[in-house]
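What follows is each chain in one-letter form.
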Amino acid sequence: MKKRMLSLLILFLTFTSNTFAAEPSADGQTLVNLRILETTDLHADLINYDYYQTKMDNRIGLVKTATLIRLARKESKNSLLFDDGDHLKGNPLGEYLARIRGMHKGKIHPVYRAFNYLKYDAIAIGNHEFNYGLGFLKTALKGARMPVLNTNVFSVKTNQPYFKPYTILNRKVIDQSGRSHELKIGVIALMPTHIMKWDKANLEGKVFAKPMVETAKEFVPILKAEGADIIIALAHTGISNEPYHADTENAVYYLTQIPEIDVVLAGHSHSVFPGPVYQALPNTNMETGEINGKPVVMAAAFGSRLGIIDLELSNRTGKWRIVAQKSYTKPIVDEKGRSLVKTDIGLYKLVKEEHEETVDFIKKLGL
Ligand code: MN
Ligand code: MG
């Protein structure tokens, strides 16, 4: 009898504490709005500047996207910011730092300095991060203050993931009634296996790449077992419904079919999703930005757009569930190339030294 009383008491305590944690509102619903922001394929375009023509270009630059980020954060109680990779290389600033000047001792690479300033929650490694070799990448990454993720590149020596394969972000979120909850957001990151061809000289014998979809399937149960309420894939890969094969360069379509993955941040192909390029894709809703029922966003490249996914999460049963989702992108210029946002002056000042050095260097070359 005593035992029964005790188990009843435990049951009661468990039940009441769960109920308390979820704090359902009068109608039994606990609703949390969560906004997910994406930059992708920045290719070292921190400044609104065209180094090839040595003139301002308001169609590119994280100093512009940063203003969209600030506005998007202001509109939402809860938001997260991610970069989808290919951020170190692709313009003369990146080249100058990696190949000419080198990194100054004790100084953080301006790309990661910018990411720290904007308080990214996690970032993905893109295929172009390997272009300057693993040594440069490792040195540069020391300055990044957020989790730097990749799930499908493995060390030849240890047969273990070469980077941090995933993270679980514990975030306090505020529900629609102003109450606070803890949400566990699992994040994985993937890139095309083609890196082994594209960067053979830098990578062979050191790392190897596993297929994106198979690797994602292998890892999501681990994140779930560690309590992830939702899972976001930072997918540095494009969108195509070509018949699936393990070494596809464009895995997003098949990643959306993995049940445990809730959100896919796409990249690599420098295009815009939702957008007309993908109009013919099956099981795709261009209004809500869903593929196979999952929200997907791809924010072009060079900081020209910010990707936004708005989620509404419900906790009626003690388990978080996405009940509404919409994805879209916002540009930094209109169709005529007119600027829609101001420059983030704080960010500009933070990275202007390297920018000016690069411009001086180009001018000295007489290019
Ligand atoms: Mn790219
Ligand atoms: Mg890429």
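Residue indices begin from 1 for each chain and proceed along its sequence in written order. Labels follow written order: the first chain is A, the first ligand is 1, and so on. In keeping with the model being predicted, local features are shown solely for residues with a pLDDT of at least 70 and side-chain atom pairs are shown and tallied solely at 80 or more, while totals for entire chains, interfaces and linings include all residues. To get the side-chain values, all heavy atoms of the structure are used, and hydrogens and water are removed first.

1. Some points on the overall build of the chain
Line of reasoning, step 1. Scanning the chain from N- to C-terminus turns up 10 helices and 18 strands.
Line of reasoning, step 2. Projected onto the principal axes, the alpha-carbon positions of the chain cover approximately 90 × 45 × 45 Å.
Line of reasoning, step 3. Long-range pairs, those at least 24 residues apart, make up 73% of the contacts in the chain between residues at least 6 apart in sequence.
Line of reasoning, step 4. Using a 1.4 Å probe, the Shrake-Rupley method yields the accessible areas, and only the shown protein chains count as cover for residues. Total accessible area computed for the chain in this model is approximately 16,700 Å², and 55% of it derives from carbon and sulfur atoms.
Line of reasoning, step 5. Neither His nor the chain termini are counted; the positive set is Lys and Arg, and the negative set is Asp and Glu. For the purpose of locating charges, the reference atoms are NZ of Lys, CZ of Arg, CG of Asp and CD of Glu. Both charge centroids of the chain, one from 47 positive and one from 39 negative side chains, sit 6 Å from each other. Put simply, DSSP H or I for four residues or longer makes a helix, DSSP E for two residues or longer makes a strand, and each gets a number counted from the N terminus. Contacts between residues were defined by any pair of non-hydrogen atoms, one from each residue, lying within 4.5 Å.

2. Describing the coordination of the magnesium ion (ligand 2)
Line of reasoning, step 1. Looking at the magnesium ion (ligand 2), the protein donor atoms are Asp-86 (OD), Asn-127 (OD1), His-236 (NE2) and His-268 (ND1), and they sit 2.2 Å from it.
Line of reasoning, step 2. Note that water is not among the atoms used; donors are N, O and S atoms within 2.8 Å of the metal (3.2 Å for Na, K and Ca), so sites may look incomplete. Coordination of the magnesium ion (ligand 2) draws on donor residues from a single chain, spaced D-x40-N-x108-H-x31-H in sequence.
Line of reasoning, step 3. Separation of the magnesium ion (ligand 2) from the manganese ion (ligand 1) amounts to 3.3 Å, with Asp-86 serving as a shared donor to the pair. One end of the pair, Asp-86, is in the loop between strand S4 (79-83) and helix H3 (92-101); the other, His-268, is in the loop between strand S12 (263-266) and strand S13 (272-273), with 182 residues separating them in the sequence.

3. Concerning the packing of aromatic side chains
Line of reasoning, step 1. Centres within 6.5 Å are what make two rings of Phe, Tyr or Trp a pair, Trp counting through its six-membered ring; a difference in plane orientation under 30 degrees is then read as stacked, over 60 as edge-to-face, and the rest as tilted. Enumeration over the complete set of coordinates arrives at 12 aromatic pairs.
Line of reasoning, step 2. When the ring of Tyr-132 is compared with that of Phe-136, the centres are 5.4 Å apart and the planes differ by 75°; the resulting orientation is edge-to-face. Residue Tyr-132 shares its accessibility class with Phe-136, and that shared class is buried.
Line of reasoning, step 3. Three or more aromatic residues link up through ring pairs in this structure, and these residues are Tyr-112, Phe-115 and Tyr-120.
Line of reasoning, step 4. Note on geometry: a ring has a charge over it if NZ (lysine) or CZ (arginine) is within 6 Å of the ring centre and within 35 degrees of the ring normal. Cation over ring: Lys-210 sits above Phe-154, and NZ or CZ is 4.0 Å from the ring centre. The buried label goes to any residue with under 20% of its type's maximum accessible area, the exposed label to any with over 50%, and the partly exposed label to all in between, with areas taken from a 1.4 Å probe on protein chains only.

4. Observations regarding the sheet that holds strand S18 (residues 321-331)
Line of reasoning, step 1. Within the open sheet, the six strands sit side by side as S6-S5-S4-S1-S17-S18. Their pairing is mixed. If you trace the sheet from one side to the other, it starts and ends with strand S6 (148-149) and S18, each paired once.
Line of reasoning, step 2. The pairing criterion is simple: DSSP has to find at least two bridges between the two strands. Where S4 and strand S5 (residues 122-124) come together, two bridges link them in parallel fashion. Its bridge partner being in S5, Asp-83 is matched across the sheet by Ile-123.

5. With respect to the environment of Pro-259
Line of reasoning, step 1. Mapped onto the fold, Pro-259 is located in the loop between helix H9 (252-255) and S12.
Line of reasoning, step 2. Placed 58 residues apart in sequence, Pro-259 and Thr-317 show a C-alpha to C-alpha distance of 19 Å.

6. As for the pattern of salt bridges
Line of reasoning, step 1. We define a salt bridge as a side-chain nitrogen of Lys or Arg found within 4 Å of a carboxyl oxygen belonging to Asp or Glu. Going through the model one piece at a time under the given rule, you end up with 11 salt bridges.
Line of reasoning, step 2. Across the pair Asp-57 and Arg-59 runs a salt bridge whose closest N-O atoms are separated by 3.0 Å.
Line of reasoning, step 3. The class of Arg-59 is partly exposed, set by a relative accessible area of 47%.
Line of reasoning, step 4. Close ionic contact of Asp-175 with Arg-179 constitutes a salt bridge, the shortest N to O distance being 3.3 Å.

7. Some thoughts on helix H5 (residues 133-141)
Line of reasoning, step 1. For H5, the complete set of buried residues consists of Gly-133, Leu-134, Phe-136, Leu-137, Ala-140 and Leu-141. The buried residues of H5 all sit within an arc of 160° when viewed along its axis, so they share a single face.
Line of reasoning, step 2. Turning to H5, the residues buried within the fold contact H3, helix H4 (110-117), S6, helix H7 (200-203) and strand S10 (207-209). When we speak of the arc, we mean the arc of directions from the helix axis to the C-beta atoms.

8. Details of the environment of Leu-34
Line of reasoning, step 1. When you line up the elements, Leu-34 lands in strand S1 (residues 31-39).
Line of reasoning, step 2. Residues Leu-34 and Ser-79, spaced 45 residues apart in sequence, show a C-alpha to C-alpha distance of 5.6 Å.
Line of reasoning, step 3. Those residues in contact with Leu-34, other than ones at most four positions away along the chain, are Asn-78, Ser-79, Leu-80, Leu-183, Ile-230, Ile-309, Asp-310, Leu-311 and Leu-313.

9. Brief notes about the coordination of the manganese ion (ligand 1)
Line of reasoning, step 1. Summarising the metal site, the manganese ion (ligand 1) is bound by the protein donors Asp-41 (OD), His-43 (NE2), Asp-86 (OD) and His-270 (NE2), whose distances to it range over 2.1 to 2.4 Å.
Line of reasoning, step 2. Counting along the primary sequence, the residues that act as donors to the manganese ion (ligand 1) give the motif D-x1-H-x42-D-x183-H.

10. Thoughts on the packing of H4 against helix H10 (residues 345-365)
In a packed pair of helices, the relevant descriptors are the angle between the two axes and the axis-to-axis distance.
Line of reasoning, step 1. Relative orientation of the contacting elements H4 and H10 amounts to 165°, with a least axis distance of 10 Å. Taken as axis vectors, H4 and H10 run roughly antiparallel relative to one another. Note that H4 runs across H10; the crossing there is right-handed. When H4 is examined against H10, the residues Pro-110, Arg-113, Ala-114 and Tyr-117 are found in contact with a partner set consisting of Gly-346, Leu-347, Leu-350, Val-351 and Glu-354. Only the stretch in contact is used when a helix axis is fitted, and all axes are lines through C-alpha atoms; the angle between N-to-C directions ranges over 0 to 180 degrees. When an angle is under 35 degrees it counts as roughly parallel; over 145 it counts as roughly antiparallel; between 65 and 115 it counts as roughly perpendicular; any other value is oblique. Crossing handedness: left-handed means the near helix sits turned counterclockwise from the far one by under a right angle, and right-handed means the same turn made clockwise.

11. Looking at unusual backbone geometry
Line of reasoning, step 1. Note the cis peptide between Phe-273 and Pro-274, where omega equals -5°.
Line of reasoning, step 2. Along the chain, Pro-274 falls in the loop between S13 and strand S14 (284-285).
Line of reasoning, step 3. At His-43, a residue that is not glycine, the phi angle is positive and equals roughly 50°.
Line of reasoning, step 4. With respect to the helices, strands and loops of the structure, His-43 is situated in the loop between S1 and strand S2 (49-50).
Line of reasoning, step 5. Phi angles above zero are rare outside glycine, and Thr-54 is one such case at about 40°.
Line of reasoning, step 6. By the secondary structure assignment, Thr-54 is in the loop between S2 and strand S3 (55-56).
Line of reasoning, step 7. Residue Thr-54 is classed as partly exposed on the basis of its relative accessible area, which comes to 28%.

12. Overview of the nonpolar core
Line of reasoning, step 1. Here the nonpolar core consists of buried residues drawn from Ala, Val, Leu, Ile, Met, Phe, Trp, Tyr and Cys, with membership extended through side-chain atoms lying within 4.5 Å. Within the largest apolar cluster, 51 residues are counted, with the highest numbers of intra-cluster contacts made by Leu-46, Leu-62, Tyr-112, Phe-115, Leu-118, Tyr-120 and Phe-130.
Line of reasoning, step 2. Of all the elements in the fold, those that place two or more residues in this core are helix H2 (62-74), H3, H4, H5, S10, strand S17 (305-314) and H10.
Line of reasoning, step 3. Sorting elements by how many residues they give to this core places H2 first, with six residues.
Line of reasoning, step 4. Not counting residues within four places of it along the chain, the set of residues in contact with Tyr-112 comprises His-87, Leu-88, Ile-123, Glu-129, Leu-137, Ala-140, Leu-141, Gly-143 and Ala-144.
Line of reasoning, step 5. Ranked by size, the runner-up nonpolar core spans 32 residues in total, among them Ala-216, Ala-251, Val-264 and Ala-266.

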